[in-house]
Amino acid sequence: MAFKRQIDRLPIIPANARVNNVTCHYCIVGCGYKAYSWPINQQGGTAASENWAGVDLSEQQYQDTDAWYAPSMYNVVRQDGRDVHLVIKPDVDCVVNSGLGSIRGARMAENRRSEVTGTQLQRLTEPMVWRYGSWQPTSWDDALDLVAQVTARVVTEGSEDDLYVSMFDHGGSAGGYENTWGTGKLYFGAMKVKNVRIHNRPAYNSEVHATRDMGVGELNNAYEDAELADTIMVVGANPLETQTNYFLNHWIPNLQGATLSKKREMMPDEPHEAGRIIIVDPRRTVTVNACEETAGPENVLHLQINSGTDMVLFNALLTHIADQGWVDQDFIDNHTALGGELAADDAMGEVAGASGQEMLPRKPRTEGQPTDLTTFAEALARNRTSIEDAAEITGLNPADIIKAAEWIAMPKEGGFRRRTMIGYEKGIIWGNDNYRTNGALVNLALATGNIGREGGGCVRLGGHQEGYVRPSDAHVGRPAPYVDQLIIQGGGKVHHVWACDHYKTTLNATEFKRVYNHRTNMVKEAMDAAAGKTREELVDAIVAAVNAGGLFSVNVDIIHTKIGQGAHVILPAVESGEMDLTSMNGERRMRLVERYMDGPGVAQPDCLIAAGIAQNMERVLTEMGRTDYAAQFQGFDWLTVEDVFNDGYRQNAGGGEFVTYDRLRAMGNNGFQEPAVGLDGETIVGTPRLYADGKFGTEDGRALFCVAEWNGLQAPGKEEQRANHAFLINNGRSNINWQNWFLDQDNEFVRDRFPYPFIQMHPDDLAELGVAQGDLVEVWNADGATQAMVYPTDTVRPKETFMLFASPAGVQGNVINAGVNELVLPNYKQTWANIRKLSAAPATVTGLSFKSWEYDAG
Amino acid sequence: MKCGKLVDVGRRSFLRGGLMTGAGVAAAAVAGTGAAPAHAQTSLARVQNPSTRLANLADLVVNEPLDITYPDEDSPGVLLKLGTPVQGGVGPDGDVVAFSVMCPHKGWLMSYNTADKTLNCPGHFSRFDCEAGGQQVWGHATQNLPQFQLRVDETGDIFAEGADELIYGRLSNVLQA
Ligand code: SF4
Ligand code: FES
């Protein structure tokens, strides 16, 4: 049954409503929104003078109007202790989205916690500790004391290596520069925690080491480049669903030809046409459909590649482009490696800590790489791949590979270099042979001179926004410890978890959950047995339990998560909008989201929770007589989030000295593009494109090419899994579901559409298995099992399914085996399993639409 | 596609009767608009919806969309006889439904695809299932499509008497002074 809100009117925003800048905190795009709030007992009127829009609202408003908002954009929330009306609507003046909202971001208001309207009551409001066999609300002092007592005992009796930490490294949501600094200063400054992992993967590593090692930070272009490119090449990404308004507001206009005048104006000396697009994906996504509808099928080249063979395609394209003489030789000569002896370490550039303007986003980066990084000539020689060999391995038509090479690099009329922008995401990042595949793609961009120039760029399209500034992580090492696997093997005694839900988003998840439940239960039992004892006796009991193989788990989050079921202490955090928060988007555009409402109960910003842990550690260690160690936990006396920003970003981020809250506030939803390079009055001057000067992020400023030799399925266990199971279980995200559904699991509109994760299956497979649309099926292999709801479509090929990732109602990670690449990057995309029917369509599924997702005007 | 700069274009296209689309496109002339004046309501918790005759059952042909407006002439919609009983369907076969055709994302006018009985939006590719209560099959709107509640009287006249979601472009389904 289609969910309906039965709302037929909304309060009108008055002319004098308070207005705050909001950057959508969901996906990487970072669309601008405005938050309007006003007292609960007032409202605007329909007369132009009585409402925020200054228009007559007694009349129908038309297409693309700014003078309307949907029920999902409205709520009643607490602000400075009082109930207020809140509308959060897209900002027409933001250059990122120009007034577009998406199905995720335009539900921001509805996904705020409200005791009045009853939304998001799942938010945590008070610290809780495990006491008398369940979680009991308690004070911050009590909860933080227990965390510090146990943590201090464990790291002093053993070492800091016994403290495991899972912590977000992203912007937006509850991330951002303030919170990554607060947590980073605790674990990498006061301590040197080595066994640490990031929110979505089992180690503390970059997802794109290769491009960074080559000297090319992964967010190197501007969204405008998608409007200026002759050709866009997109690999393993589905931007209509996962970078929605970037695609709609910047790619589509180029494919439509709507940016031609801009192209002519900005690049007057060369011929221009409407953009064309190459899409590399084993599945026909809605992005393919939208591009075809917009540009005409003749301007869209969908390369429906065999899963995991992308590197071979890139090598063949490089070979063909070089053999045709279409490379940018000037660029190669002047801006890439010169040859001679290139020791791997020379090639690496400095070990980056928190700063480093040439390598945004600031991310983990330490030494050692799995393959040679070298000159163009050597990479070309060693990567050389014929069109025929590539066609054989990739399953593509040879003519299509040649056509792709032409679209990427064949000079335009008059001999002008073709401008090609390359975008990629999880299809190769969480795919086969991450390092070499990423490197082989960046090779293409470097060889054709497409980095640092208008209409170019070789960029990851991104998931979350970024907001990373932390003390150096060099002590973590490379490869970084495979934390989730170490936990399975009994590693760690205390686990601090910051906004990570391994239960929904790790690989080998079946085994991880089994062990984590067992180890944390050992501690719960010890705590239960110590009921009625003193704090000292309780800590003794916990320490004894962790020494016997248990794990003490501290969970900091905005909701009670799945992994939080194992926690012994739960600490409530606030998120974007409930604190001031800075982040940058996929073109490094930095904005300040202003606090427009109160956090739930006594929830705190993560950075201030980290400070609370540090202060309690200092006190407890002092009481233990460890005064030297205790002194390391000083420097956390921040009073406000802005203090954290000034301590972290301003002191440690390249260009940070130019950036203040006041300046960001004044620059609104357009902000500036990092890194900041100066001031023009009070306006921060940014950097639209990295490497516009041709100087890359290596020691000598010359970019490196990557040797990428084909080794088949690289990660351990993958080839065996493929050989023994019938179906490819490709997987990823959808338009409607944001990440691991942490708020959406409590949103009726979302749960109504997909009560279970869908698995897209070809009709032939349905017939073979005897299943129908909406049936629940079990997806199982030697590594685990999960469930999904059958969604028939011919946009996937027979024997190749696509399952929604990170649903709480069917965890896809259960069937991902533990094998990772050399640098501990998981491989989700190449997963094989068998499928069997579990149940006919359950009641929640009946009445759902199972029609095609492809736009078709009929 | 800089939204917000297209307000005028949108208005013009609607006044012209639908730029690329308009649900029925070449279908029948717009059927009756409300007898009850849709203006000057006093403020109620929920608005008082007019009861508006849209058509007679005899006017409908299976899977041929009929352009309508409801609750007033500025709010275009479509009346459909789908041929099989569906969610919210009325009439002897439980198959007569009506929906707004302004996309609840950014208000572009949608067109009806007779092959799979969906409404499709040329704005940004959203589509809604007329056989599933206007559920968004795929798209950007944060609500399913407003469906008009229908009543059929003994003569076969079909009346619209309310909507189950907020209609695009108005903060009150029944416009108020
Ligand atoms: S495209 Fe991304 S940033 Fe923009 S509104 Fe949607 S979720 Fe938010
Ligand atoms: S107006 Fe955007 S999809 Fe309909």
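Residues numbered from 1 in each chain as written. Chains lettered and ligands numbered in written order. Predicted model: local features only at pLDDT ≥ 70, side-chain atom pairs only at ≥ 80, totals over all residues. Heavy atoms only, no water.

Going by an unreviewed UniProt entry, chain B carries the name Arsenate reductase (Azurin) small subunit and comes from Rubellimicrobium roseum.

Looking at an unreviewed UniProt entry, one finds chain A named Arsenate reductase (Azurin) large subunit and attributed to Rubellimicrobium roseum.

What follows is about the overall build of chain A. Secondary structure summary: chain A contains 28 helices and 29 strands in total. The C-alpha atoms of chain A give 26 Å as radius of gyration, which agrees with the globular expectation for 858 residues (29 Å, within 12%). If one aligns the C-alpha atoms of chain A with their principal axes, the spans along those axes are about 80 × 70 × 65 Å. For chain A, buried positions account for 69% of its 858 residues. Taking the contacts inside chain A whose residues are at least 6 apart along the sequence as the reference set, 77% of them involve residues at least 24 apart. Summed over all atoms, the accessible surface of chain A reaches about 25800 Å², with 47% contributed by carbon and sulfur. (Helix = DSSP H or I, 4+ residues; strand = E, 2+ residues; numbered from the N terminus. Rg over C-alpha atoms; globule rule 2.2 N^0.38 Å. Buried < 20%, exposed > 50% of the residue type's maximum accessible area, 1.4 Å probe, protein only. Contact = heavy atoms within 4.5 Å. Areas by Shrake-Rupley, 256 points an atom, 1.4 Å probe, with all protein chains shown as cover.)

Our focus in this paragraph is the overall build of chain B. Counting its regular elements, chain B contains one helix and ten strands. Taken from N to C terminus, the helices and strands of chain B fall in the order α-β-β-β-β-β-β-β-β-β-β. For chain B, the proportion of its 177 residues judged to be buried stands at 64%. Long-range contacts, defined as pairs at least 24 residues apart, comprise 49% of the intrachain contacts of chain B with a sequence gap of at least 6. Of the roughly 6200 Å² that chain B leaves accessible, carbon and sulfur atoms contribute 54%.

This brings us to the sheet that holds strand 10 (residues 157-163) of chain B. In sheet architecture, strand pairing relies on hydrogen bonds along the backbone and comes in two forms, parallel and antiparallel. Residues and elements named next belong to chain B. Taken in spatial order, the three strands make up an open sheet running 1-10-9, and their pairing is antiparallel. The sheet is open, and its two borders are formed by strand 1 (52-56) and strand 9 (148-152), each paired with just one other strand. This sheet shows a mean twist of 35° between the axes of neighbouring strands, independent of strand direction. The pairing of strand 1 with strand 10 spans four bridges and is antiparallel. Counterpart to Arg53 in the pairing with strand 10 is Phe159. (Pairing = 2+ DSSP bridges. Axes fitted to C-alpha atoms, helices over the stretch in contact; angles between N-to-C directions.)

Here we come to the site of ligand 1. The full set of residues close to ligand 1 is A:Cys24, A:Tyr26, A:Cys27, A:Val29, A:Gly30, A:Cys31, A:Tyr33, A:Ser102, A:Arg104, A:Gly105, A:Thr244 and A:Asn245. Considered class by class, the residues forming the shell around ligand 1 number six nonpolar, five polar and one charged. (Near = heavy atom within 4 Å. Nonpolar A, V, L, I, M, F, W, Y, C, P; charged D, E, K, R; others polar.)

Now for the interface of chain A and chain B. Each partner contributes residues to the interface: chain A has 66 residues there, and chain B has 70 residues. Linking chain A with chain B are four salt bridges. Measuring nitrogen to oxygen at the nearest pair gives 2.6 Å for the salt bridge that ties A:Lys851 to B:Asp129. If you look at where chain A meets chain B, you find 40 residue pairs in polar contact (both at pLDDT 80 or more). It is helix 6 (residues 244-256) of chain A that provides the largest number of residues to the side of chain A that touches chain B, a total of seven residues. The class makeup of the residues in the side of chain A that touches chain B is 29 nonpolar, 22 polar and 15 charged. (Salt bridge = Lys/Arg side-chain N within 4 Å of Asp/Glu carboxyl O. Polar contact = N/O pair within 3.5 Å; in protein donor to acceptor, adjacent residues only side chain to side chain.)

A separate point is the side chain of A:Lys504. Residue and element names in this part refer to chain A. Topologically, Lys504 is positioned in helix 18 (residues 502-505). At 2.8 Å, the side chain of Lys504 and the backbone oxygen of Asn740 are in polar contact. Ignoring anything within four residues of it in the chain, the contact list for Lys504 reads Lys562, Asn740, Phe742, Gln745, Ala806, Ser807, Pro808 and Val811.

Residue and element names in this part refer to chain A. Spatially, four strands are ordered 1-2-4-3 in an open sheet, and the strand pairing comes out antiparallel. Both outer strands of the open sheet, strand 1 (18-23) and strand 3 (74-79), are each paired with one neighbouring strand and no more. Averaged over all adjacent pairs, the angle separating strand axes in this sheet is 35°, with direction ignored. Pairing of strand 2 (residues 32-39) with strand 4 (residues 82-90), which is carried by seven bridges, proceeds in the antiparallel orientation. Opposite Lys34, over in strand 4, you have Lys89 as the bridge partner.

Once that is clear, we can look at the pattern of salt bridges. All names here are of chain A. Counting across every chain of the model gives 68 salt bridges over all chains. We note a salt bridge from Glu378 to Arg382, for which the minimum N-O separation is 2.8 Å. Of the two residues, Glu378 and Arg382 are both situated in helix 12 (residues 376-383); the distance of four residues between them amounts to about one turn of the helix. Between Arg595 and Asp598 there is a salt bridge, with the nearest N and O atoms lying 3.5 Å from each other.

Turning next to the packing of helix 9 (residues 310-323) of chain A against helix 12 of chain A. Residue and element names in this part refer to chain A. Helix 12 packs onto helix 9 with a crossing angle of 120° between their chain directions and a minimal axis gap of 9 Å. In this view, helix 9 runs oblique relative to helix 12, as classed from their interaxial angle. When you trace helix 9 past helix 12, the crossing you get is left-handed. Residue-level contacts link Asn315, Leu318, Thr319 and Ala322 of helix 9 to Phe376, Leu380 and Asn383 of helix 12. Classifying every residue of the contact of helix 9 with helix 12 gives four nonpolar, three polar and no charged. (Parallel < 35°, antiparallel > 145°, perpendicular 65-115°, else oblique. Left-handed = near helix turned anticlockwise from the far one by under 90°.)

Residue and element names in this part refer to chain A. The domains assigned to chain A are domain 1 (18-111), domain 2 (128-204 + 470-589 + 600-644), domain 3 (220-324 + 375-460), domain 4 (656-705) and domain 5 (718-845). Computed from C-alpha atoms alone, the centre-to-centre distance between domain 2 and domain 4 is 33 Å. Contacts between the two partners involve ten residues from domain 2, matched on the other side by eleven residues from domain 4. The largest contributions to the domain 2 side of the interface with domain 4 come from Arg588, Arg589 and Glu642, which together make up 66% of the buried area. Counting the contacts that link domain 2 with domain 4 gives zero salt bridges. (Domains from an automatic or database assignment. Buried area = accessible area lost by both parts, 1.4 Å probe.)

All names here are of chain A. Interaxial distance between helix 9 and helix 14 (residues 398-409) falls to 9 Å at its minimum, and their mutual angle equals 65°. Like other packed secondary-structure pairs, helix 9 and helix 14 cross with a definite hand, here right-handed. Of the residues in helix 14, those in contact with Leu313, Ala316, Leu317, His320 and Ile321 of helix 9 are Ile401, Ile402, Ala404, Ala405, Ile408 and Ala409. For the contact of helix 9 with helix 14, a count of residues per class yields ten nonpolar, one polar and no charged.

Now for helix 19 (residues 509-529) of chain A. With 21 residues, helix 19 of chain A should cover 30 Å at 1.5 Å per step; its first-to-last C-alpha distance of 30 Å lies within 8% of that length. The set of residues buried in helix 19 of chain A consists of A:Ala509, A:Phe512, A:Lys513, A:Val515, A:Tyr516, A:Arg519, A:Thr520, A:Val523, A:Lys524, A:Ala526 and A:Met527. (Expected span 1.5 Å × (residues − 1).)

Taken residue by residue, chain A gives an average pLDDT of 95. The fraction at 70 or more is 97%. Long-range and interchain partners of residues 343-355 of chain A, a stretch whose pLDDT sits below 50, account for 35 contacts in this model, where long-range means more than four residues apart. (pLDDT = per-residue confidence, 0-100.)

This part is about the UniProt feature "domain: Rieske" (unreviewed entry) in chain B. According to UniProt, the positions carrying the feature "domain: Rieske" (unreviewed entry) are residues 63-159 of chain B. Split by type, residues 63-159 of chain B is 0% helix and 37% strand. Its first and last C-alpha atoms lie 19 Å apart. (UniProt positions renumbered as here; feature names shortened; annotations may be inferred.)

Here we take up the UniProt feature "domain: Molybdopterin dinucleotide-binding" (unreviewed entry) in chain A. Sequence positions flagged by UniProt for "domain: Molybdopterin dinucleotide-binding" (unreviewed entry) are, in local numbering, residues 728-817 of chain A. Along residues 728-817 of chain A, the helical share is 14% and the strand share 32%, with 13 Å between the first and last C-alpha atoms.

A separate point is the side chain of A:Arg702. All names here are of chain A. Mapping Arg702 onto the fold places it in the loop between strand 22 (683-685) and strand 23 (705-706). Asp700 provides the closest opposite charge to the buried, unpaired Arg702, separated from it by 4.9 Å. One polar contact links the side chain of Arg702 to the main-chain carbonyl oxygen of Asp333, over a distance of 2.9 Å. There is a polar contact of 2.8 Å between the side chain of Arg702 and the backbone oxygen of Thr336. When neighbours within four sequence positions are excluded, Arg702 is seen to be in contact with Asp333, Asn334, His335, Thr336, Ala337, Leu338 and Phe696. (Lys, Arg positive; Asp, Glu negative; His and termini not counted.)

Counting residues in hydrophobic clusters, the biggest one holds 286 residues, and the most contacted among them are A:Tyr187, A:Met233 and B:Leu79. In this structure, A:Tyr187 is in contact with A:Leu163, A:Val165, A:Met167, A:Lys192, A:Val193, A:His496, A:Trp498 and A:Ile613, ignoring residues within four places of it in sequence. (Core = buried A, V, L, I, M, F, W, Y, C linked by side-chain atoms within 4.5 Å.)

Enumeration according to the criterion identifies 31 aromatic pairs over all chains in this entry. Summarising the aromatic geometry, the rings of A:Tyr791 and A:Phe850 are spaced 5.1 Å apart at their centres and angled 50° between planes, so their arrangement reads as tilted. Of this pair, A:Tyr791 sits in strand 27 (residues 784-792) while A:Phe850 sits in the segment after strand 29 (832-839), and the two are 59 residues apart along the sequence. For A:Phe850, a relative accessible area of 11% translates into the label buried. Aromatic pair A:Tyr855 and B:Phe125: ring centres 5.9 Å apart, planes at 80°, arrangement edge-to-face. (Phe/Tyr/Trp six-rings, centres within 6.5 Å; stacked < 30°, edge-to-face > 60°.)

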